[in-house]
Amino acid sequence: MFSIEHEFDSTVITLVDDGAQPFQEDVVINAFAECITLEQFNPALERAEKITLSIEQLRDLAAALDLPEGVYQIRPEQKPKNTP
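Residues numbered from 1 in each chain as written. Predicted model: local features only at pLDDT ≥ 70, side-chain atom pairs only at ≥ 80, totals over all residues. Heavy atoms only, no water.

Some points on the environment of Val 28
- Mapped onto the elements, Val 28 comes out in strand β3 (residues 27–31).
- Placed 26 residues apart in sequence, Val 28 and Phe 2 show a C-alpha to C-alpha distance of 9.6 Å.
- When residues no more than four places from it in sequence are discounted, the contact partners of Val 28 are Val 12, Ile 13, Thr 14, Thr 37, Leu 38 and Glu 39. (Helix = DSSP H or I, 4+ residues; strand = E, 2+ residues; numbered from the N terminus. Contact = heavy atoms within 4.5 Å.)

Pasting the structure below:
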C-alpha cells in the first residue's frame, strides 16, 4: 500500500508494508527537483536512516529493475546498452 502527497517543494510517497509478517517499517520517499531521498526508521538504532539518490541514479535504478545481469550505461535519449 502507498500514499502520494504533493508538498510545496517535493512529492512525498509513503510505502507501507502490507505483505507477509514480519512487517518492515514504512519507507518515505521525497522527490525533489534535484534529488530523491528515501527514509526508513531503523528500530535497532532507534532512528531514521536516509539515502539520497541523484536523478540519474534513480533513472538507472528504474532501468535496472527490468534488465538482466550485466554492466550498463544509459546515455541521454538512448535505451540502456550492455557494456563489456
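Side note on a nonpolar patch on the surface
- Together, Phe 2, Ile 4 and Leu 15 give the surface a local cluster of nonpolar side chains, amounting to about 310 Å² of exposed area.
- With respect to the secondary-structure elements, Ile 4 resides in strand β1 (residues 2–6). (Patch = residues over 30% accessible without salt bridge, like charges linked within 9 Å, V, L, I, M, F, W, Y side chains within 5 Å. Areas by Shrake-Rupley, 256 points an atom, 1.4 Å probe, with all protein chains shown as cover. Salt bridge = Lys/Arg side-chain N within 4 Å of Asp/Glu carboxyl O.)

Here we look at the sheet that holds strand β2 (residues 11–15)
- Ordered by their spatial adjacency, 5 strands build an open sheet running β1-β2-β3-β4-β5, and the pairing between neighbours is antiparallel. Both outer strands of the open sheet, β1 and β5 (47–54), are each paired with one neighbouring strand and no more. On average, each strand axis in the sheet is inclined to that of its neighbour by 15 degrees, with strand direction left out of account.
- Most of the contacts of helix α1 (residues 55–64) go to β5, to which it runs at about 90 degrees, and overall it touches β4 (35–42) and β5. (Pairing = 2+ DSSP bridges. Axes fitted to C-alpha atoms, helices over the stretch in contact; angles between N-to-C directions.)

Thoughts on the environment of Cys 35
- Relative to the assigned elements, Cys 35 resides in strand β4.
- In sequence terms Cys 35 and Tyr 72 are 37 residues apart; their C-alpha atoms lie 21 Å from each other.
- Contacts of Cys 35, omitting those with residues within four sequence positions, involve Asn 30, Thr 52, Leu 53 and Ile 55.

Looking at unusual backbone geometry
- With an omega of 5 degrees, the peptide bond running from Gln 21 to Pro 22 counts as cis.
- Along the chain, Pro 22 falls in the loop between β2 and β3.
- For Glu 46, which is not glycine, the phi torsion reads 55 degrees and is therefore positive.
- With respect to the helices and strands, Glu 46 occurs in the loop between β4 and β5.

Considerations on the side chain of Ser 10
- Structurally, the position occupied by Ser 10 is in the loop between β1 and β2.
- If sequence neighbours within four positions are ignored, Ser 10 has contacts with Glu 5, Asn 30, Ala 31 and Phe 32.

The values are spatial; any link to function lies outside them.
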